[in-house]
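Analysis of the macromolecular model
These are the residues of each chain, in order.
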Amino acid sequence: MTTATASAMDSAAKTGPRGRPSRPATGVGRPGFAWAVPAAVFFGLFALVPLLLVVVLSFTRWNGLGSPEFAGLDNWSRLLDDPLMVKSLWLSLLLTVLGVVVQTPISILLGVWAAGRQRNRAVLSAVYFVPLLLSITAVSVLWRAVLDPNFGVPSQAKWLFGDGNLLGTQAGALGVLVFVSTWQFTPLHTLIYQGAARAVPEVLYQAAQIDGAGTVRQFFHITLPQLRNSIVTSMILMVVGGLTTFDTVLILTQGGPGTDTTNSAYYMYQKAFKSFDFGAASAIALLLVLVATLVSLVMVRLTGYDRMRSTMEGV
(Lines give C-alpha, C1' and ligand atoms only; values in the text may rest on other atoms or scores of the structure.)
Protein backbone atom coordinates (compact mmCIF):
# COMPACT_ATOMS: atom_id res chain seq x y z
CA MET A 1 0.00 0.00 0.00
CA THR A 2 1.45 3.31 -1.03
CA THR A 3 1.64 6.37 1.15
CA ALA A 4 -0.87 8.24 -1.02
CA THR A 5 -3.39 5.39 -0.76
CA ALA A 6 -3.03 5.19 3.02
CA SER A 7 -3.54 8.94 3.27
CA ALA A 8 -6.68 8.74 1.13
CA MET A 9 -8.12 5.89 3.22
CA ASP A 10 -7.40 7.82 6.40
CA SER A 11 -9.13 10.88 4.96
CA ALA A 12 -12.15 8.78 3.96
CA ALA A 13 -12.36 7.35 7.46
CA LYS A 14 -12.54 10.85 8.90
CA THR A 15 -15.31 11.86 6.53
CA GLY A 16 -18.71 10.31 6.11
CA PRO A 17 -20.56 9.70 2.85
CA ARG A 18 -20.50 12.50 0.28
CA GLY A 19 -17.49 14.06 1.92
CA ARG A 20 -19.27 15.09 5.12
CA PRO A 21 -17.09 15.04 8.22
CA SER A 22 -18.07 12.23 10.54
CA ARG A 23 -18.57 12.75 14.27
CA PRO A 24 -15.99 11.18 16.53
CA ALA A 25 -17.24 7.95 18.04
CA THR A 26 -16.99 9.16 21.62
CA GLY A 27 -20.59 8.44 22.56
CA VAL A 28 -21.09 12.09 23.59
CA GLY A 29 -24.17 13.80 22.17
CA ARG A 30 -26.70 16.36 23.17
CA PRO A 31 -28.20 15.93 26.64
CA GLY A 32 -31.54 14.17 26.55
CA PHE A 33 -34.80 15.33 28.08
CA ALA A 34 -34.08 13.26 31.18
CA TRP A 35 -31.48 15.80 32.26
CA ALA A 36 -34.20 18.47 32.51
CA VAL A 37 -36.62 16.33 34.54
CA PRO A 38 -35.26 17.23 38.04
CA ALA A 39 -35.38 20.96 37.30
CA ALA A 40 -38.82 20.65 35.68
CA VAL A 41 -40.19 18.74 38.68
CA PHE A 42 -38.70 21.26 41.12
CA PHE A 43 -40.14 24.19 39.14
CA GLY A 44 -43.52 22.53 38.90
CA LEU A 45 -43.78 21.71 42.62
CA PHE A 46 -42.47 24.99 43.99
CA ALA A 47 -43.61 27.47 41.33
CA LEU A 48 -46.48 26.26 39.15
CA VAL A 49 -48.46 24.38 41.80
CA PRO A 50 -48.38 27.28 44.34
CA LEU A 51 -49.32 29.70 41.56
CA LEU A 52 -52.32 27.57 40.60
CA LEU A 53 -53.38 27.40 44.25
CA VAL A 54 -53.16 31.19 44.50
CA VAL A 55 -55.35 31.52 41.39
CA VAL A 56 -57.96 29.22 42.93
CA LEU A 57 -57.86 30.97 46.33
CA SER A 58 -58.32 34.39 44.70
CA PHE A 59 -61.89 33.35 43.84
CA THR A 60 -62.70 32.05 47.31
CA ARG A 61 -63.45 33.36 50.79
CA TRP A 62 -61.14 31.78 53.39
CA ASN A 63 -59.86 32.80 56.82
CA GLY A 64 -57.26 30.05 57.06
CA LEU A 65 -59.56 27.62 58.90
CA GLY A 66 -62.01 25.15 57.49
CA SER A 67 -62.68 24.87 53.78
CA PRO A 68 -62.55 27.79 51.32
CA GLU A 69 -65.91 29.00 50.03
CA PHE A 70 -66.34 30.04 46.41
CA ALA A 71 -66.84 33.82 46.22
CA GLY A 72 -66.63 34.46 42.50
CA LEU A 73 -65.26 37.90 41.65
CA ASP A 74 -66.04 39.35 45.08
CA ASN A 75 -62.36 39.61 46.10
CA TRP A 76 -61.44 41.35 42.89
CA SER A 77 -64.32 43.81 43.03
CA ARG A 78 -63.47 44.70 46.64
CA LEU A 79 -59.83 45.30 45.75
CA LEU A 80 -60.70 47.56 42.83
CA ASP A 81 -62.93 49.63 45.13
CA ASP A 82 -60.32 49.72 47.90
CA PRO A 83 -58.45 53.07 47.87
CA LEU A 84 -55.62 51.63 49.97
CA MET A 85 -55.09 48.90 47.36
CA VAL A 86 -54.79 51.47 44.58
CA LYS A 87 -52.43 53.56 46.73
CA SER A 88 -50.28 50.51 47.57
CA LEU A 89 -49.96 49.66 43.88
CA TRP A 90 -48.82 53.18 43.03
CA LEU A 91 -46.32 53.07 45.90
CA SER A 92 -44.95 49.77 44.57
CA LEU A 93 -44.50 51.33 41.13
CA LEU A 94 -42.89 54.43 42.65
CA LEU A 95 -40.40 52.38 44.69
CA THR A 96 -39.62 50.34 41.58
CA VAL A 97 -39.00 53.38 39.39
CA LEU A 98 -36.84 55.05 42.04
CA GLY A 99 -34.84 51.85 42.46
CA VAL A 100 -34.20 51.56 38.72
CA VAL A 101 -33.29 55.24 38.34
CA VAL A 102 -30.86 55.18 41.28
CA GLN A 103 -29.31 51.73 40.94
CA THR A 104 -28.80 51.55 37.17
CA PRO A 105 -26.24 54.37 36.70
CA ILE A 106 -24.38 53.46 39.89
CA SER A 107 -24.21 49.79 38.90
CA ILE A 108 -23.01 50.57 35.37
CA LEU A 109 -20.23 52.90 36.55
CA LEU A 110 -19.05 50.50 39.26
CA GLY A 111 -19.29 47.50 36.94
CA VAL A 112 -17.23 49.16 34.21
CA TRP A 113 -14.69 50.27 36.80
CA ALA A 114 -14.47 46.79 38.35
CA ALA A 115 -13.83 45.31 34.88
CA GLY A 116 -10.63 47.33 34.54
CA ARG A 117 -7.11 46.69 35.76
CA GLN A 118 -6.83 49.28 38.52
CA ARG A 119 -4.56 48.72 41.46
CA ASN A 120 -6.28 46.97 44.40
CA ARG A 121 -9.37 46.55 42.23
CA ALA A 122 -9.93 42.94 43.30
CA VAL A 123 -9.76 43.78 47.02
CA LEU A 124 -12.08 46.77 46.75
CA SER A 125 -14.54 44.79 44.63
CA ALA A 126 -14.62 41.97 47.16
CA VAL A 127 -15.32 44.40 50.01
CA TYR A 128 -18.04 46.11 48.00
CA PHE A 129 -19.81 42.80 47.31
CA VAL A 130 -20.15 42.00 51.04
CA PRO A 131 -23.73 43.44 51.35
CA LEU A 132 -24.83 41.01 48.66
CA LEU A 133 -23.92 38.10 50.95
CA LEU A 134 -26.20 39.31 53.76
CA SER A 135 -29.88 38.49 54.06
CA ILE A 136 -32.51 41.18 53.52
CA THR A 137 -33.65 40.78 57.11
CA ALA A 138 -30.15 41.27 58.51
CA VAL A 139 -29.58 44.34 56.35
CA SER A 140 -32.92 45.87 57.37
CA VAL A 141 -32.26 45.28 61.08
CA LEU A 142 -28.77 46.77 60.69
CA TRP A 143 -29.99 49.97 59.05
CA ARG A 144 -32.90 50.34 61.46
CA ALA A 145 -30.37 50.42 64.29
CA VAL A 146 -28.06 52.79 62.41
CA LEU A 147 -30.91 55.20 61.60
CA ASP A 148 -32.54 55.06 65.02
CA PRO A 149 -33.56 58.64 65.90
CA ASN A 150 -32.57 58.21 69.56
CA PHE A 151 -29.35 56.20 69.47
CA GLY A 152 -28.34 56.06 65.80
CA VAL A 153 -26.36 58.31 63.51
CA PRO A 154 -29.16 60.90 63.03
CA SER A 155 -29.16 61.66 66.76
CA GLN A 156 -25.47 62.60 66.52
CA ALA A 157 -25.83 64.69 63.34
CA LYS A 158 -28.97 66.76 63.84
CA TRP A 159 -27.43 69.52 61.73
CA LEU A 160 -27.90 67.16 58.78
CA PHE A 161 -30.94 65.06 59.74
CA GLY A 162 -33.00 67.60 61.67
CA ASP A 163 -35.00 65.87 64.41
CA GLY A 164 -33.40 62.60 63.27
CA ASN A 165 -36.66 60.78 62.62
CA LEU A 166 -36.12 59.88 58.97
CA LEU A 167 -38.92 57.35 59.07
CA GLY A 168 -41.42 59.88 60.41
CA THR A 169 -42.33 61.35 57.02
CA GLN A 170 -43.33 59.72 53.75
CA ALA A 171 -40.46 61.28 51.80
CA GLY A 172 -37.91 60.26 54.42
CA ALA A 173 -39.27 56.71 54.73
CA LEU A 174 -39.33 56.21 50.95
CA GLY A 175 -35.80 57.61 50.73
CA VAL A 176 -34.59 55.16 53.38
CA LEU A 177 -36.23 52.21 51.60
CA VAL A 178 -34.61 53.16 48.28
CA PHE A 179 -31.23 53.74 49.94
CA VAL A 180 -31.20 50.41 51.80
CA SER A 181 -32.25 48.48 48.67
CA THR A 182 -29.57 50.28 46.66
CA TRP A 183 -26.92 49.54 49.27
CA GLN A 184 -27.69 45.82 49.24
CA PHE A 185 -28.58 45.03 45.64
CA THR A 186 -26.34 47.35 43.63
CA PRO A 187 -23.44 44.85 44.00
CA LEU A 188 -25.55 42.19 42.20
CA HIS A 189 -26.14 44.43 39.19
CA THR A 190 -22.54 45.63 39.35
CA LEU A 191 -21.46 42.02 38.97
CA ILE A 192 -23.67 41.70 35.86
CA TYR A 193 -22.14 44.79 34.27
CA GLN A 194 -18.63 43.76 35.27
CA GLY A 195 -18.94 40.50 33.35
CA ALA A 196 -20.55 42.25 30.37
CA ALA A 197 -17.88 44.97 30.24
CA ARG A 198 -15.12 42.37 30.21
CA ALA A 199 -16.78 40.74 27.19
CA VAL A 200 -16.51 43.92 25.08
CA PRO A 201 -13.80 43.32 22.40
CA GLU A 202 -10.62 45.23 23.21
CA VAL A 203 -10.12 46.00 19.53
CA LEU A 204 -13.03 48.48 19.68
CA TYR A 205 -11.24 50.59 22.27
CA GLN A 206 -7.97 50.35 20.38
CA ALA A 207 -9.64 51.62 17.22
CA ALA A 208 -11.27 54.45 19.18
CA GLN A 209 -7.91 55.48 20.64
CA ILE A 210 -6.42 55.63 17.15
CA ASP A 211 -9.30 57.93 16.12
CA GLY A 212 -8.55 60.18 19.10
CA ALA A 213 -11.53 59.28 21.29
CA GLY A 214 -11.00 59.84 25.00
CA THR A 215 -12.23 57.82 27.95
CA VAL A 216 -15.60 59.60 28.19
CA ARG A 217 -16.38 59.22 24.47
CA GLN A 218 -15.35 55.57 24.57
CA PHE A 219 -17.73 55.00 27.49
CA PHE A 220 -20.75 56.59 25.79
CA HIS A 221 -20.09 55.40 22.24
CA ILE A 222 -18.64 51.93 22.86
CA THR A 223 -19.24 50.66 26.38
CA LEU A 224 -22.88 51.70 26.87
CA PRO A 225 -24.10 50.40 23.47
CA GLN A 226 -22.29 47.12 24.09
CA LEU A 227 -23.99 46.78 27.49
CA ARG A 228 -27.53 47.08 26.08
CA ASN A 229 -28.48 43.44 26.64
CA SER A 230 -27.18 43.50 30.20
CA ILE A 231 -28.96 46.77 30.96
CA VAL A 232 -32.30 45.26 29.91
CA THR A 233 -31.67 42.12 31.96
CA SER A 234 -30.63 44.11 35.02
CA MET A 235 -33.63 46.44 34.80
CA ILE A 236 -36.06 43.52 34.54
CA LEU A 237 -34.56 42.05 37.72
CA MET A 238 -34.93 45.44 39.41
CA VAL A 239 -38.57 45.71 38.33
CA VAL A 240 -39.47 42.27 39.65
CA GLY A 241 -37.57 42.88 42.89
CA GLY A 242 -39.08 46.34 43.37
CA LEU A 243 -42.67 45.19 42.89
CA THR A 244 -42.22 42.37 45.42
CA THR A 245 -40.33 44.32 48.10
CA PHE A 246 -41.61 43.13 51.48
CA ASP A 247 -38.94 42.35 54.07
CA THR A 248 -37.46 45.85 54.04
CA VAL A 249 -40.86 47.50 54.46
CA LEU A 250 -41.88 45.09 57.24
CA ILE A 251 -38.77 45.71 59.35
CA LEU A 252 -37.95 49.36 58.61
CA THR A 253 -41.34 51.11 58.32
CA GLN A 254 -44.13 48.53 58.81
CA GLY A 255 -46.04 50.42 56.16
CA GLY A 256 -45.80 53.72 58.04
CA PRO A 257 -45.98 56.46 58.85
CA GLY A 258 -49.66 55.63 58.65
CA THR A 259 -50.00 53.90 55.29
CA ASP A 260 -47.46 56.07 53.46
CA THR A 261 -45.14 53.14 52.65
CA THR A 262 -47.71 50.33 52.48
CA ASN A 263 -46.83 48.83 49.14
CA SER A 264 -48.76 45.96 47.55
CA ALA A 265 -46.59 43.19 48.96
CA TYR A 266 -46.95 44.51 52.51
CA TYR A 267 -50.69 45.08 52.01
CA MET A 268 -50.98 41.46 50.89
CA TYR A 269 -49.28 40.42 54.15
CA GLN A 270 -51.71 42.53 56.16
CA LYS A 271 -54.71 41.04 54.41
CA ALA A 272 -53.49 37.48 54.93
CA PHE A 273 -51.94 37.43 58.40
CA LYS A 274 -53.63 40.35 60.16
CA SER A 275 -57.11 40.38 58.63
CA PHE A 276 -57.07 36.63 57.86
CA ASP A 277 -58.55 37.34 54.44
CA PHE A 278 -56.56 34.87 52.39
CA GLY A 279 -58.83 35.19 49.37
CA ALA A 280 -58.14 38.91 48.98
CA ALA A 281 -54.44 38.35 49.72
CA SER A 282 -54.28 35.76 46.95
CA ALA A 283 -55.90 38.22 44.56
CA ILE A 284 -53.24 40.82 45.43
CA ALA A 285 -50.49 38.25 44.90
CA LEU A 286 -51.91 37.30 41.50
CA LEU A 287 -52.24 40.97 40.57
CA LEU A 288 -48.55 41.52 41.41
CA VAL A 289 -47.58 38.58 39.22
CA LEU A 290 -49.61 39.98 36.33
CA VAL A 291 -48.22 43.51 36.73
CA ALA A 292 -44.60 42.31 36.97
CA THR A 293 -45.05 40.08 33.92
CA LEU A 294 -46.71 42.85 31.91
CA VAL A 295 -44.04 45.42 32.76
CA SER A 296 -41.26 42.97 31.91
CA LEU A 297 -42.84 42.10 28.56
CA VAL A 298 -43.28 45.77 27.70
CA MET A 299 -39.63 46.47 28.54
CA VAL A 300 -38.45 43.55 26.43
CA ARG A 301 -40.63 44.68 23.54
CA LEU A 302 -39.70 48.37 23.64
CA THR A 303 -35.97 47.73 23.95
CA GLY A 304 -35.91 45.24 21.08
CA TYR A 305 -34.39 42.61 23.36
CA ASP A 306 -36.66 39.90 21.92
CA ARG A 307 -35.36 40.58 18.39
CA MET A 308 -31.68 40.19 19.23
CA ARG A 309 -30.15 37.09 17.70
CA SER A 310 -26.43 37.70 18.14
CA THR A 311 -24.49 36.08 20.97
CA MET A 312 -22.32 39.18 21.18
CA GLU A 313 -23.16 41.84 23.75
CA GLY A 314 -25.11 44.77 22.32
CA VAL A 315 -25.39 43.40 18.75
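The following paragraphs examine the structure supplied in this document. Treat the numbers as computed from the prediction; the structure is a model and nothing was measured.

**A few points about the overall build of the protein chain**
Helix and strand counts for the protein chain come out as 16 helices and two strands. Within the span of the protein chain, comprising 315 residues, buried residues form 35% of the whole. Summarising the internal contacts of the protein chain: among those between residues at least 6 apart in sequence, 67% fall at separations of at least 24. Of the roughly 19,300 Å² that the protein chain leaves accessible, carbon and sulfur atoms contribute 68%.

**A short note on the packing of helix α7 (residues 136-146) against helix α10 (residues 170-198)**
Between α7 and α10, the least distance of the axes is 11 Å, while the angle of their chain directions is 135°. Taken together, α7 and α10 sit at an angle that is classed as oblique. Here α7 and α10 pass one another in a crossing that is right-handed. Residues I136, V139, L142 and W143 of α7 touch α10, and the partners they reach there are F179, V180, W183, Q184 and F185. Broken down by class, the residue content of the contact of α7 with α10 amounts to eight nonpolar, one polar and no charged.

**Details of the pattern of salt bridges**
A full pass over the atoms with the stated rule returns four salt bridges. Between D74 and R61 there is a salt bridge, with its nearest N and O atoms 3.7 Å apart. Taken together, the residues D74 in helix α3 (residues 74-80) and R61 in strand β1 (residues 60-61) connect sequence positions 13 residues apart. On the accessibility criterion, D74 (26% relative accessible area) is partly exposed. For the salt bridge of D74 with R78, the shortest nitrogen-to-oxygen distance reads 3.3 Å. Taken together, the residues span about one helical turn, with D74 and R78 both in helix α3 at a distance of four residues.

**A word on the packing of aromatic side chains**
Counted under the stated rule, the structure contains 12 aromatic pairs. Judged by centre distance (4.9 Å) and plane angle (85°), the rings of W143 and F179 are edge-to-face. With W143 in helix α7 and F179 in helix α10, this pair connects stretches of sequence that are 36 residues apart. Taking relative accessible area as the criterion, W143 reaches 14% and is therefore assigned buried. Following the ring pairs from residue to residue traces out a cluster consisting of W62, F246, Y266, Y269, F273 and F278.

Cut-offs used in this document
- Residue numbering note: each chain is counted from 1, following its sequence as written.
- With the structure being a predicted model, the display of local features is reserved for residues of pLDDT at least 70 and the display and counting of side-chain atom pairs for 80 or more, all residues being used for whole-chain, interface and lining totals.
- The side-chain numbers reported here are obtained from all heavy atoms of the structure, hydrogens and water having been left aside.
- Put simply, DSSP H or I for four residues or longer makes a helix, DSSP E for two residues or longer makes a strand, and each gets a number counted from the N terminus.
- When accessible area is computed with a 1.4 Å probe and restricted to protein chains, residues below 20% of their type maximum are described as buried, those above 50% as exposed, and intermediate ones as partly exposed.
- Residues count as neighbours in contact if any of their non-hydrogen atoms are within 4.5 Å of one another.
- Working definition of accessibility: Shrake-Rupley area with a 1.4 Å probe, residue cover restricted to the visible protein chains.
- Axis angles are defined between N-to-C directions and span 0 to 180 degrees, where every axis is a line fitted to C-alpha atoms and, for a helix, only to the segment in contact.
- Orientation categories follow fixed angle ranges, with anything under 35 degrees roughly parallel, anything over 145 roughly antiparallel, 65 to 115 roughly perpendicular, and all other angles oblique.
- The crossing is said to be left-handed when, going from far helix to near helix, the turn is anticlockwise and less than a right angle, and right-handed when the turn is clockwise.
- Ten residue types, Ala, Val, Leu, Ile, Met, Phe, Trp, Tyr, Cys and Pro, are classed as nonpolar, four, Asp, Glu, Lys and Arg, as charged, and the remainder, Gly among them, as polar.
- By salt bridge we mean one thing: a side-chain nitrogen of Lys or Arg within 4 Å of a carboxyl oxygen of Asp or Glu.
- Two aromatic rings, drawn from Phe, Tyr or Trp (for Trp, its six-membered ring), form a pair once their centres lie within 6.5 Å of each other, and the interplanar angle then sorts them: stacked below 30 degrees, edge-to-face above 60, tilted otherwise.

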